[in-house]
Amino acid sequence: KDILNFDFMDKPPLEALKAALEQLYLLSALQKSAELQLTELGRRMAFFPLDPRLAKVILKAPEFNCSEEMLSIVAMLSVESILYTSNDKRELALAAWKKFQSADGDHITQLNIFRTYRSTKANPSWCRENFVNVRNMKTVMSVRKQLRELCERLSIPLMSCGQNTDCIRQCLLQGLFTNAAELQPNGQ
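A brief look at the structure comes next. Predicted, not measured: the structure shown is a model, and the values here were computed from it.

### A few points about the packing of aromatic side chains
Logical step 1: All told, the structure shown has three aromatic pairs when counted by the stated rule.
Logical step 2: Summarising the aromatic geometry, the rings of Phe100 and Trp126 are spaced 5.8 Å apart at their centres and angled 70° between planes, so their arrangement reads as edge-to-face. In this pair, Phe100 is assigned in the loop between α5 (90-98) and α6 (106-119) and Trp126 in helix α7 (residues 124-129), connecting sequence segments 26 residues apart. Pair check on accessibility: Phe100 and Trp126 agree, each one buried.
Logical step 3: Ring centres 6.2 Å apart and planes at 55° place the aromatic pair Tyr117 and Trp126 in the tilted group. Each member of the pair, Tyr117 as well as Trp126, is classed as buried.
Logical step 4: Through a chain of ring-to-ring contacts, the aromatic side chains of Phe100, Tyr117 and Trp126 assemble into a single cluster.

In structure tokens form, the structure reads like this:
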């Protein structure tokens, strides 16, 4: 229970431990008390072999009717880059990727790539034409399947919001709020 004084084999820096605890508190995974205790949400988050922020996003997704989309986005974030290029084909790659880009952000762009990949039935030639890493996309599909099975075991409702990116963005903020920023008209 006393994680700050726990006898780790390779103890992380105290500041890193404090930052991790602060993040769990901000995510509503820890109760604010003298003893470190997980909240009900924190206990559910611990079931997922994920960064706590991503676990919270999945758990909050049913409130925004976008659990299917969150599984796809989290799976995409769980692998190395899905895009590749070489110096001699950089312009071709940028042109290919442009059709997936979304003004709603990189997460929606990744979701667009995932949806198109799945609609092509994981066609390797589509991947080559679009400079998408076939091996990493296969891993994405495997990770997504595992996360979906875990959601089913935990009785997390699985639903899709279709093309409603507002729901997806609001859900992402539930766990990724520390990464959010807004560009002001003055450039700040």
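What follows picks up the thread again.
### Let's talk about helix α3 (residues 52-60)
Think of an α-helix as 3.6 residues a turn; residues three or four steps apart then line up on the same face.
Logical step 1: Taking burial as the measure, the nine residues of α3 include seven buried ones, the bulk of the element.
Logical step 2: Among all positions of α3, only Leu54, Ala55, Lys56, Val57, Ile58, Leu59 and Lys60 are buried.
Logical step 3: On its buried face, α3 is in contact with α2 (40-45), α4 (67-77), α8 (134-153) and α9 (165-176).
Logical step 4: Sitting at the amino-terminal end of α3 is Asp51, which places a side-chain oxygen 2.8 Å from the backbone nitrogen of Arg53.

### Here's the deal with the packing of α4 against α9
Logical step 1: Put simply, α4 and α9 touch, their axes get as near as 10 Å, and they point 60° apart. Classified by the interaxial angle, the pair formed by α4 and α9 is oblique. The crossing of α4 and α9 is right-handed. Contacts between α4 and α9 pair Glu69, Met70 and Ile73 from the former with Ile168, Cys171 and Leu172 from the latter.

### Observations concerning the pattern of salt bridges
Logical step 1: For the structure shown, the criterion picks out nine salt bridges.
Logical step 2: Residue Arg53 is joined to Asp51 by a salt bridge in which the shortest nitrogen-to-oxygen separation is 2.9 Å.
Logical step 3: The salt bridge involving Glu68 is made with Arg148; its shortest N-O contact spans 2.6 Å. Here Glu68 is found in helix α4, whereas its partner Arg148 is found in helix α8, with 80 residues between them in sequence.
Logical step 4: Glu68 sits in the buried class, given a relative accessible area of 15%.
Logical step 5: It is possible to trace a salt-bridge network through shared partners that takes in Glu68, Arg144, Arg148 and Glu152.

### Focus: the nonpolar core
Nonpolar side chains tend toward joint burial in soluble globular proteins.
Logical step 1: Core analysis: the biggest nonpolar cluster contains 45 residues, and Phe48, Met70 and Ile168 have the highest contact counts within it.
Logical step 2: When residues no more than four places from it in sequence are discounted, the contact partners of Phe48 are Ala55, Ile58, Leu59, Leu147, Leu150, Cys151, Leu154 and Ile156.

### Quick look at helix α1 (residues 14-26)
Logical step 1: With 13 residues, α1 extends 18 Å from end C-alpha to end C-alpha; this agrees with the ideal 18 Å at 1.5 Å per step.
Logical step 2: Count one or two residues on from α1 and you reach Ser28, which has phi positive near 65°.

### Structural notes on unusual backbone geometry
Logical step 1: Unlike most non-glycine residues, Ala122 shows phi in positive territory, near 60°.
Logical step 2: Within the element layout of this structure, Ala122 appears in the loop between α6 and α7.
Logical step 3: Phi is positive for Phe131, close to 55°, though the residue is something other than glycine.
Logical step 4: Tracing the backbone shows Phe131 in the loop between α7 and α8.

Rules used throughout
Residues numbered from 1 in each chain as written. Predicted model: local features only at pLDDT ≥ 70, side-chain atom pairs only at ≥ 80, totals over all residues. Heavy atoms only, no water. Phe/Tyr/Trp six-rings, centres within 6.5 Å; stacked < 30°, edge-to-face > 60°. Helix = DSSP H or I, 4+ residues; strand = E, 2+ residues; numbered from the N terminus. Buried < 20%, exposed > 50% of the residue type's maximum accessible area, 1.4 Å probe, protein only. Contact = heavy atoms within 4.5 Å. Polar contact = N/O pair within 3.5 Å; in protein donor to acceptor, adjacent residues only side chain to side chain. Axes fitted to C-alpha atoms, helices over the stretch in contact; angles between N-to-C directions. Parallel < 35°, antiparallel > 145°, perpendicular 65-115°, else oblique. Left-handed = near helix turned anticlockwise from the far one by under 90°. Salt bridge = Lys/Arg side-chain N within 4 Å of Asp/Glu carboxyl O. Core = buried A, V, L, I, M, F, W, Y, C linked by side-chain atoms within 4.5 Å. Expected span 1.5 Å × (residues − 1).

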